[in-house]
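# Notes for the structure review
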Amino acid sequence: MTGCEFLSTDATTPSVVGEALGDGLQVTDTGLRDSDRTYYDTFDGLLRGAGLLAAHEDGELALVDRDSGDVRQHARIATPGQRLFPRDLEPGPLRDALLDVVEERALLALARVHARRRALSVLDDERKTVVRMTLEEPALVDSAGRLSILRPRVRLAAVRGYDDELGNVKSALTRELGLAAADQPLVDEAVSAAGHDPAGISSKISVPLQFDERSDVAAAKVLKRLLDVIEANTDGTIADIDSEFLHDYRVSVRRSRSVQRELKKVFPPEPLAEFRAEFRWLQQITGDARDLDVYVLEFDAMRELVPEAMRADLDPLLEVLRGRRLAARRQMVSDLRSQRVTSLLDRWARFLDRLPSLDEGDRPDAPRPVGEVAGGRIHKVYRRMVKMGSAIDESSPAEDYHELRKRGKELRYLLELFGAPLYPDDVVKPMIKALKALQDVLGRHQDREVQIATLSSLRDELASVRGGTAALMATGALVSRLKEDEQAAREEFAARFAVFAGKDQRKLVKATFG
Amino acid sequence: MSRVLATYNIKGGVGKTSAAVNLSYLASRERLRTLLWDLDPQGGSTYLFRVKPKVRGGGDKLVRLKSDVEKLIKGTDHQGLDLLPADFSYRHMDLALDRFKKPTRRLARVLKPLEDEYDWVFLDCPPSISLVSESVFEAADVVLVPIVPATLSSRTIEQLDAVVADVRKGKGGVQVLAFFSMVDRRKKLHHEVMERLRAERHDVLEAAIPASAEVERMGVKRDAIGVFAPRGRAAPAYEALWAEVRQRVEG
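On a predicted model such as this, the values are computed, not experimentally measured, just so you know. Note that residues are indexed from 1 along each chain, following the sequence as it is written. The order in which chains are written sets their letters, starting at A; the order in which ligands are written sets their numbers, starting at 1. The model is predicted, so local features are restricted to residues of pLDDT at least 70 and side-chain atom pairs to those at 80 or more, both for listing and for counting; the totals for chains, interfaces and linings are taken over all residues.

## Section: the overall build of chain A
Helix and strand assignments follow DSSP, with helices taken as H or I runs no shorter than four residues and strands as E runs no shorter than two, numbered in order from the N terminus. If you tally the helices and strands in chain A, you get 19 helices and 11 strands. Dimensions of chain A, computed from the C-alpha atoms along their principal axes, are close to 85 × 65 × 50 Å. Exposure is read from a count of other C-beta atoms within 10 Å of each residue's own; the residue is exposed at 12 or fewer, buried at 20 or more and partly exposed in between. C-beta atoms are placed from the backbone. Considering chain A as a whole, with its 514 residues, one finds that 35% of them fall into the buried category.

Pasting the structure below:
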């Protein structure tokens, strides 16, 4: 879109444009209209990242290609509001296309733009439209309805088969009228003016590191980025904008804990012990709310597990889970708002700033190259997993699977946070892939284990609600299906583990990190 | 997969081009991605959409599949409605087709690369029976035949049946639908004839296009009737025809 969008001035009127075009082409005014448009994207800018934008205008939500301006999909939605879940839209191509990109995330109204648009057609000697042109005077509308002017623009839309004419119009605008191509599309200008980052706030971690960098410096960099993500996701978690805020919050806490544990010798022991205890608490106070988020989000998938005739009977179970979720959220929100959390994150930030300047006497790994320290940890955790996994068979207690999975998470974070920036992609990427495949099975096993326990614990509560008897029976059917699936996960484990811990893989890990 | 509709009649001047232009316009107005291929060397549809009747390399290169058909397409003044223009060379398209082993498959092959790009493709065919029309029947899902009640005689019905028979020789599964064109509402005879034929034949549609000044003004306005005379009698008649065609084709 940028290539066909120019910043204009008040002097850019239809007649001025017409004169600039010269012989052979003329301009005709096809109408003036005012429009109100609201731009949507997820908190982390998923649509923009996919080269798309979503705009609501005239009762219609459209998914638009950012570069070409082409409408990919559209559907009528009277008033989408400040927050919109694609999963709640009517089934259809727009819903599918949005879900493909944003999944569970909510689309948030980021900027409302009021624009006066004059539509012009550029005509050839047959009076055929060969280029469409819009002179647009946009203004940002704030929540109180006040306008602040955005830069006016000329937008060109190509008509198929008239590329030469488009080129002529473009060069007339730049050469004759001295207009500059827009440095950013209107959507970005509007979203920035509304106080948001057009690219969104990503929770992805990719901190560039040097192999020979001091380990404490590297660890502090990574941990500060993780702290940024925790802080960026706090408000959304508390406001329950969508489930990903809490998820990203917890992943960052867990990753921070991994770094604290795996690189423990870069920190002074005493403050570290305190921070580790506090981060463990942070993980705990957000745990129930997240688990119940997952139950509610995945309820339809769970419902599919029971015979069709029983599916509706599970409704009371969903209600019970929703009730528990709300209660867990209330508790979590009050914890997250507590002085204990704000003070913890404050102290943690200051501690990370100071870390490299602290005495090195009780933290021997601090000055060592991070490549060496992290590589050593990767090797060690991997070897430990190989040993643990080799001892697991289908009859092993659930606890063994769970322990292995916990190690797997440690290894995954080490690989993602340190392995990826410091070691060759052709070793790290396949290793992460094999690990993910293994973790999927272990995760499924653990999820089923927990779900079975949770559902069983809900029996009394469920028995006392309306429709409880049928719900209990359906829940019973669900639990037995979950048990079957847990067993299936056990059966799949061996094959996945064999890939992860094969002889060649072990050799490669040793050669790279050992 | 696009649906392909051909407007066709052995005779000229019966409202074939007008139907192609107005129906394709209505399709695009429903936001269906629409292409109109003006196969008639006279270039009526091309003229009405103000596009220059010129196809680089001509019809010959096109049916030899040596042209990049994507690059020959022109956007009309209506969003979502594109045109593959007529070219003077189309008058020799019979000869161009005759060169191939399976000449009647050629037009379908020209359209093949576009099948995911358009929801509906309209073919405006020259009035004749030839390799071109056989190719058109081969490429089409539905052949839409305008019939004029004024000249309605046993011969018109024979001609319609001849089209049906011709189409049947092809790949199969092609619908032939006829509609009344240039209807004079004041003539009782027209109404009687139409009633009788609709009752007798399942392939004759209810919708009828009136003989009207608006249809003739298309040549001056160079646009679809829905654009310059949306409140006249012809515009709603085309809308009804389009709705009926869609209903018959899409079920």
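Structure shown, so let's carry the discussion forward.
## Here's the deal with the overall build of chain B
A tally of regular secondary structure across chain B gives 12 helices and 8 strands. Our radius of gyration is a C-alpha quantity, and the globule rule it is checked against amounts to 2.2 Å times the number of residues to the power 0.38. For 251 residues, the compact-globule formula gives about 18 Å, and the C-alpha radius of gyration of chain B, at 17 Å, lands near that figure. Projected onto the principal axes, the alpha-carbon positions of chain B cover approximately 55 × 40 × 30 Å. Taken across its 251 residues, chain B has 47% of its residues classed as buried.

## A closer look at helix H14 (residues 370–390) of chain A
Residues and elements named next belong to chain A. Taking 1.5 Å of rise per residue, the 21 residues of H14 would be expected to cover 30 Å, and the 30 Å separating its terminal C-alpha atoms lies within 8% of that figure. Looking only at H14, the buried set comprises Val370, Gly371, Val373, Ala374, Gly375, Arg377, Ile378, Val381, Tyr382, Met385 and Gly389. For every residue pair, C-beta atoms are placed from the backbone, and the pair is scored as a contact if these atoms sit within 7 Å. If you follow the buried residues of H14, they end up packed against helix H6 (215–232), helix H8 (243–262), helix H15 (398–422), helix H18 (468–500) and helix H19 (503–513). Helix span, as expected, comes to 1.5 Å for every residue beyond the first.

## Side note on the interface of chain B and chain A
Contact with chain B, which involves 8 residues of that partner, is made by 8 residues of chain A. The class makeup of the residues in the side of chain B that touches chain A is 2 nonpolar, 1 polar and 5 charged. Under the scheme applied here, ten amino acids are nonpolar (Ala, Val, Leu, Ile, Met, Phe, Trp, Tyr, Cys and Pro), four are charged (Asp, Glu, Lys and Arg), and all others, including Gly, are polar.

## Things to note about the nonpolar core
Structurally, a nonpolar core is described as a collection of buried Ala, Val, Leu, Ile, Met, Phe, Trp, Tyr and Cys residues joined by way of C-beta atoms within 7 Å. Counting 78 residues, the largest nonpolar core has B:Ala6, B:Leu123, B:Val136, B:Ala140, B:Val143, B:Ile209 and B:Tyr238 as its most contacted members. Apart from the residues within four sequence positions on either side, B:Tyr238 is in contact with B:Asn22, B:Leu23, B:Leu26, B:Ile209 and B:Ile225. A:Ala220, A:Tyr295, A:Phe493 and A:Ala501 belong to the second-largest nonpolar core, a separate cluster that totals 66 residues.

## A short note on the sheet that holds strand S6 (residues 142–147) of chain B
All names here are of chain B. In this description, strands pair whenever DSSP reports at least two bridges between them. Pairing in this open sheet of 8 strands is mixed, and the strands run S3-S4-S2-S5-S1-S6-S7-S8 from one edge to the other. Each having just a single partner strand, strand S3 (74–75) and strand S8 (204–210) make up the two edges of the open sheet. Relative to strand S5 (residues 120–124), strand S1 (residues 3–7) is paired through 5 bridges, and the arrangement is parallel. Across the sheet, the residue bridging to Arg3 is Trp120, located in S5. Axis geometry follows a simple rule: fit a line to the C-alpha atoms, using only the stretch in contact for helices, then measure angles between N-to-C directions, giving values from 0 to 180 degrees. Packed onto the sheet, helix H1 (residues 16–29) meets S1, strand S2 (34–38), strand S4 (81–84), S5 and S6 and runs at close to 165 degrees relative to S5.

## Considerations on the environment of A:Ala495
Mapped onto the elements of the fold, A:Ala495 is located in helix H18. Along the sequence, A:Ala495 and A:Leu438 sit 57 residues apart, while their C-alpha atoms lie 8.9 Å from each other.

## Points about the packing of H15(A) against helix H16 (residues 425–457) of chain A
All names here are of chain A. Look at H15 against H16: their axes get within 9 Å of each other, and the N-to-C directions meet at 145 degrees. H16 is crossed by H15, and the crossing has left-handed handedness. Residue-level inspection shows Ala398, Tyr401, His402, Leu404, Arg405, Gly408, Leu411, Arg412, Leu415, Glu416, Gly419 and Ala420 of H15 in contact with H16, the latter providing Val428, Met431, Ile432, Leu435, Leu438, Gln439, Leu442, Gly443, His445, Gln446 and Glu449. Crossings are assigned a handedness: left-handed for a near helix turned anticlockwise from the far helix by less than a right angle, right-handed for a clockwise turn.

## Quick look at the packing of H14(A) against H15(A)
Think of two packed helices as two axes; the pair is described by the angle between the axes and how far apart they sit. All names here are of chain A. Their axes nearest at 9 Å, the elements H14 and H15 cross at an angle of 155 degrees. In this view, H14 runs roughly antiparallel relative to H15, as classed from their interaxial angle. Judged by the twist between their axes, the crossing of H14 over H15 is left-handed. Residue-level contacts link Val370, Gly371, Ala374, Arg377, Ile378, Val381, Tyr382, Arg384, Met385, Met388 and Gly389 of H14 to Glu403, Leu404, Arg407, Gly408, Glu410, Leu411, Leu414, Leu415, Phe418, Gly419 and Leu422 of H15. Taken together, the residues that form the contact of H14 with H15 break down as 13 nonpolar, 4 polar and 5 charged. These descriptions rest on fixed angle ranges, namely under 35 degrees for roughly parallel, over 145 for roughly antiparallel, 65 to 115 for roughly perpendicular, and the rest for oblique.

## Focus on unusual backbone geometry
Its identity as a non-glycine residue notwithstanding, A:Asp240 has a phi of 55 degrees, on the positive side. With respect to the helices and strands, A:Asp240 occurs in the loop between helix H7 (234–239) and H8.

## Quick look at the environment of A:Phe497
Topologically, A:Phe497 is positioned in helix H18. Each C-alpha atom of the pair A:Phe497 and A:Leu435 lies 8.5 Å from the other, and the pair is 62 residues apart in sequence.

## Quick notes on the pairing of S2(B)
All names here are of chain B. The buried fraction of S2 amounts to 5 of the 5 residues, a majority that puts the element mostly inside the structure. Taking every second residue as pointing to the same face, both faces of S2 are buried, with Thr34, Leu36 and Asp38 on one and Leu35 and Trp37 on the other. Relative to S4, S2 is paired through 4 bridges, and the arrangement is parallel. Among the inter-strand pairings, Leu35 is bridged to a residue of S4, identified as Asp82. Summarising the sheet, S2 and S5 pair through 5 bridges and their orientation is parallel. Bridged to Leu36 within S5 is Phe122.

## Examining the environment of A:Phe493
Residue and element names in this part refer to chain A. Take Phe493: it is sitting in helix H18. Distance in space between the C-alpha atoms of Phe493 and Gln184 is 50 Å, their sequence separation being 309 residues. If sequence neighbours within four positions are ignored, Phe493 has contacts with Ile392 and Val441.

## Brief notes about the pairing of S1(B)
All names here are of chain B. Burial within S1 is extensive, with 4 of its 5 residues counted as buried. Across 3 bridges, S1 lies against S6 in parallel orientation. Across the sheet, Thr7 pairs through a bridge with Leu144, a residue of S6.

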